[in-house]
Amino acid sequence: MPVVPEPVAPVTAVAAPAAAPVAAIDDFVVDDDTELVVVQSDSELANLFIAEALDHLGTIEAKLLELDERPEDTSLLNDIFRPFHTVKGNASALGIVSVERVAHKVENLLDLARSGRIPMGETEVDLVLRAVDVLSLMINDVGQRLAGQPRKATGAEAVSLVQQVEQLITGQLEGESAAAPAIEMAEPVAPMAPMASEPAEDAAPAPAPAGDEAAFEQDRRGPTPSRRRDDVPALAGTATAIKVDTRKLDNIVDVVGELIVVQSLIQQDPALSSLVDGRLARNMAQLRRLTADLQRNSMALRMVPIRQAFQKVARVVRDISRKAGKPVDLIITGEDTELDRKMVEEITDPLMHMARNSVDHGIEAPDVREANGKPARATVSLSAYYQGSHVIIEVRDDGAGLNTDRILESARRKGLIAADVNPAPEDIHRLIFEAGFSTAAKVTEVSGRGVGMDVVRRNIESLRGRVDIRTERNKGTAFLVRLPLTLAVLDGLLVRVGSERCVLPAAAVRESLRPKPEHVHFVQGQPRMVQVRESVLPLVSLGSVLGMGATALDPTAATVVVVEEGGSRIGLVVEELLHKQEVVVKSLGDSFASVRGVAGGAILGDGRIGLILDPHGIVAMVREGSRRAA
């Protein structure tokens, strides 16, 4: 059906753009008495706008980074223009005038670029990326104020951005003929109904001339650039997607977790287990299969691609490389790898910091690289892939690699390592995760204060993950982050410690054994080391480490579980190795947050609580105990 252009006010051509008008801060401040009242009148619609707008801004940022790499691809301009147009129209329809005005100014710049009147170079891309940041702040501020939080001052940033856009347009259009006016287009406001999506078209449309209302109306009704045409449902029964409040998904997962616990309680109930009934056994087996399927499907609802985190890392690499004067090619693979939604949110900041360090610390200056026989343009790669029940994320660069001697010298200066101790290279490299540690010669805007890498390790460990380092001098460095697929369910090994049962994460367990007497080494009458093939490992009673009051065990009459964490292995003596079990992870609350060696709790089959152990904390406690004993 043809789109009929709505009547528009006549446009008067001018000979050349006048000096950029000075925007007023009041035009870009969300006013408490007007805009907030409007959005509060329909908070559900306002929250939908906020979620949609932030999604569109994420799409814009990704397309801008592509345009920065392929400036000749003019179709990307249309993919950037459409979501900007949608954000502007929806903000106007909802009455958020400040967001609408900022988006409209940037939209003018993009439309001039689409029509070929302004080239979309590095300066223009930087400016539009800044517009994405400013609009994100303004839109998030609306959401925070809807939740009752105080307003943030975003007006000054908005007006500064708009003035830069106006000055850029004016400067670029100077010298054009009098017949080529710079037009600000005022389209009719679209209804809020099409806010949910705008799928992409078959092919990029020809650039619309300034003031072409029909083209604008078509853009508004067209599909979203974040979806391909083959994703758009054309037939009944085709898979579609809907937006659901994440709190509802979390509630479903919590209820399913409780269902799994109850099913386990029923299955292990002595009153039922003593019955010999074939029909009851079949029904219980069917219940077990259904609950397992329900659990897998509910967990899949929380899984999202890691693309969102990778996109933010790409932006950081671009900005830091240009600020540091180090040209960098970023190679991304595995961005469709799925992780728990909460994990993707929490891992974003650590990944950004590791990528920032790779560019600022690891990558050499272009002239230094050429002198060492390397290409002037460095390479940073970001990849994700599955490995068993875990996801591995790699941040790799081809820079200078970690300077082991400088790290050791700095550690001795800070008193982290004694002067007469010569640790292994891998132990030296792990020192960069110590709080306040830095080898930078000077403090820069990006790094050098020794703040960040300790937070990276702490955040990753809070996700039940770990980070390892692989480095080679003058070849580069790789940070390998190992994460479980989800935080809600844990594949664990159930062990008995005294009268209690604990869960060891199966990913950290390397093997279990009952050593022979000649393989156990005693120090002052106590078993302290165990020989496992060609290696000699520290040996410690798990009950004594956790302070459970368990008596000292004879390793030759008990079970030794070999646990590996961060490249270190220790032998934990336990009374009994029970079985492998998938458990639902439960938080123990803030009261137990500071308890080392404990990561959470799980309700076991008999209804009792079993502690989920933290291998990293246990290994650290054993190390500290060994140092004190020495």
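Residues numbered from 1 in each chain as written. Predicted model: local features only at pLDDT ≥ 70, side-chain atom pairs only at ≥ 80, totals over all residues. Heavy atoms only, no water.

Asker: Just checking my understanding: could you explain the overall build of the protein chain for this structure?
Answerer: Scanning the protein chain from terminus to terminus reveals 18 helices and 18 strands. The 630 residues of the protein chain split such that 43% are buried. For the protein chain, the accessible surface area stands at approximately 31600 Å², while carbon and sulfur atoms represent 53% of it. (Helix = DSSP H or I, 4+ residues; strand = E, 2+ residues; numbered from the N terminus. Buried < 20%, exposed > 50% of the residue type's maximum accessible area, 1.4 Å probe, protein only. Areas by Shrake-Rupley, 256 points an atom, 1.4 Å probe, with all protein chains shown as cover.)

Asker: Would you mind going over unusual backbone geometry with me for this structure?
Answerer: Among all residues except glycine, the phi angle is most often negative; among peptide bonds, the trans geometry is most common. The phi torsion at Asn474 lies on the positive side, around 65°, for a residue other than glycine. Mapped onto the fold, Asn474 is located in the loop between strand 6 (466–472) and strand 7 (476–484).

Asker: Looking at this model, I keep getting lost on the sheet that holds strand 17 (residues 598–603). Mind explaining?
Answerer: Across the sheet, five strands lie side by side as 16-8-9-18-17; this open sheet has mixed pairing. Here the strands that pair on one side only, and so sit at the sheet edges, are strand 16 (576–584) and strand 17. When strand polarity is set aside, the average angle formed by the axes of neighbouring strands in this sheet is 35°. As paired strands, strand 8 (residues 489–497) and strand 16 are joined by eight bridges and run antiparallel to one another. Following the sheet pairing, Asp491 is matched in strand 16 by Glu582. (Pairing = 2+ DSSP bridges. Axes fitted to C-alpha atoms, helices over the stretch in contact; angles between N-to-C directions.)

Asker: Before we go on, may I ask you to explain helix 4 (residues 97–114) in this structure?
Answerer: Residues lying three or four places apart along an α-helix face the same way, a consequence of the helix completing one turn every 3.6 residues. Taking 1.5 Å per residue as the helical rise, helix 4 with its 18 residues ought to reach 26 Å, and the 25 Å between its terminal C-alpha atoms agrees with that figure. Judged by how many residues are buried, helix 4 sits mostly within the fold: 16 of 18 residues are covered. Immediately downstream of helix 4, the backbone of Gly116 shows phi near 85°, a positive value. (Expected span 1.5 Å × (residues − 1).)

Asker: Any chance you could explain the packing of helix 2 (residues 43–69) against helix 3 (residues 75–94) here in plain terms?
Answerer: One can describe the packing of helix 2 onto helix 3 by two numbers: an axis separation of 9 Å at closest approach and a directional angle of 160°. With respect to helix 3, the element helix 2 is oriented roughly antiparallel. Relative to helix 3, the crossing made by helix 2 is left-handed. Contact residues: helix 2 offers Leu45, Ala46, Phe49, Ala53, His56, Ile60, Lys63, Leu64, Glu66 and Leu67, while helix 3 offers Leu76, Leu77, Asp79, Ile80, Pro83, Phe84, Thr86, Val87, Asn90, Ala91 and Leu94. For the contact of helix 2 with helix 3, the residue count by class is 15 nonpolar, three polar and three charged. (Parallel < 35°, antiparallel > 145°, perpendicular 65-115°, else oblique. Left-handed = near helix turned anticlockwise from the far one by under 90°. Contact = heavy atoms within 4.5 Å. Nonpolar A, V, L, I, M, F, W, Y, C, P; charged D, E, K, R; others polar.)

Asker: Explanation requested: the confidence of the model for the protein chain in the structure shown.
Answerer: For any part of a model where pLDDT is low, the fine detail of the predicted coordinates should not be relied upon. On average, residues of the protein chain carry a pLDDT of 74, and 76% of them reach 70 or more. Every residue in residues 1–22 is under pLDDT 50, and counting partners more than four places away or in other chains gives 27 contacts. Scored below 50 in pLDDT, residues 177–239 makes 120 contacts in the model with residues more than four places away or belonging to other chains. (pLDDT = per-residue confidence, 0-100.)

Asker: I keep staring at the pattern of salt bridges and nothing clicks. Help me out?
Answerer: Scanning all chains against the criterion turns up 29 salt bridges. The partner of Asp319 in a salt bridge is Arg315, with the nearest N and O atoms 3.1 Å apart. Of this pair, Asp319 and Arg315 both sit in helix 11 (residues 307–324), four residues apart, which is roughly one turn of the helix. Take Asp319: its relative accessible area is 29%, and that puts it in the partly exposed class. Looking at Arg315, the relative accessible area reads 10%, which means it is buried. (Salt bridge = Lys/Arg side-chain N within 4 Å of Asp/Glu carboxyl O.)

Asker: Where do I start with the packing of aromatic side chains in this structure?
Answerer: Where two aromatic rings form a pair, the distance of their centres and the angle of their planes describe that pair. A full pass over the atoms with the stated rule returns zero aromatic pairs. Note that Arg114 overlies the ring of Phe81, its terminal NZ or CZ placed 3.8 Å from the centroid. (Phe/Tyr/Trp six-rings, centres within 6.5 Å; stacked < 30°, edge-to-face > 60°. Lys NZ or Arg CZ within 6 Å of the ring centre and 35° of its normal.)

Asker: Would you mind showing me how to read the sheet that holds strand 6 here?
Answerer: What links the strands of a sheet is backbone hydrogen bonding, and the strands pair in either a parallel or an antiparallel sense. Reading across from one edge, 2-4-5-7-6 is the order of the five strands in this open sheet, with mixed pairing throughout. The sheet is open, and its two borders are formed by strand 2 (328–333) and strand 6, each paired with just one other strand. On average, each strand axis in the sheet is inclined to that of its neighbour by 15°, with strand direction left out of account. Bridging between strand 2 and strand 4 (residues 378–387) involves six bridges; their strand directions are parallel. Along strand 4, the bridge assignment pairs Val328 with Ala378. The strands touched by helix 12 (residues 341–362) are strand 2, strand 4, strand 5 (390–397), strand 6 and strand 7; relative to strand 5, the strand with the most contacts, the crossing angle is about 20°.

Asker: Looking at this structure, I do not really get the pairing of strand 18 (residues 609–613). What am I missing?
Answerer: On any regular strand, side chains alternate: one points to one face of the sheet, the next to the other face. Note: strand 9 (residues 500–505) against strand 18, two bridges, orientation parallel. Within strand 18, the residue paired with Cys502 across the bridge is Leu611. Here strand 17 pairs with strand 18 via five bridges, running antiparallel. Each bridged residue has a counterpart across the sheet, and for Val598 the counterpart in strand 18 is Leu613.

Asker: Please clarify how the environment of Asp397 should be interpreted in this entry.
Answerer: By the secondary structure assignment, Asp397 is in strand 5. In the structure, Asp397 is positioned 38 residues away from Val359 in sequence and 8.0 Å away in space, judged by C-alpha atoms. Not counting residues up to four positions away in its chain, the partners in contact with Asp397 are Ser358, Gly362, Ile363, Thr379, Val380, Lys475, Gly476 and Thr477. A polar contact of 3.4 Å, which involves the side chain of Asp397, links it to the side chain of Ser358. (Polar contact = N/O pair within 3.5 Å; in protein donor to acceptor, adjacent residues only side chain to side chain.)

Asker: Would you explain the packing of helix 11 against helix 12 in this entry?
Answerer: To describe two helices that pack against each other, one gives the angle between their axes and the distance between the axes. Axis separation between helix 11 and helix 12 bottoms out at 9 Å; the angle between their running directions is 25°. As judged from the angle between their axes, helix 11 and helix 12 are roughly parallel. Both helix 11 and helix 12 take part in a crossing whose hand is right-handed. Two secondary-structure elements touch here, helix 11 through Ala309, Phe310, Lys312, Val313, Val316, Val317, Ile320 and Ser321 and helix 12 through Val344, Thr348, Leu351, Met352, Ala355, Arg356 and Val359.

Asker: Would you explain the environment of His579 in this entry?
Answerer: Positionally, His579 belongs in strand 16. His579 sits in the partly exposed class, given a relative accessible area of 39%. Every residue in contact with His579, bar those within four places of it in the chain, is listed here: Gly492, Leu493 and Leu494.

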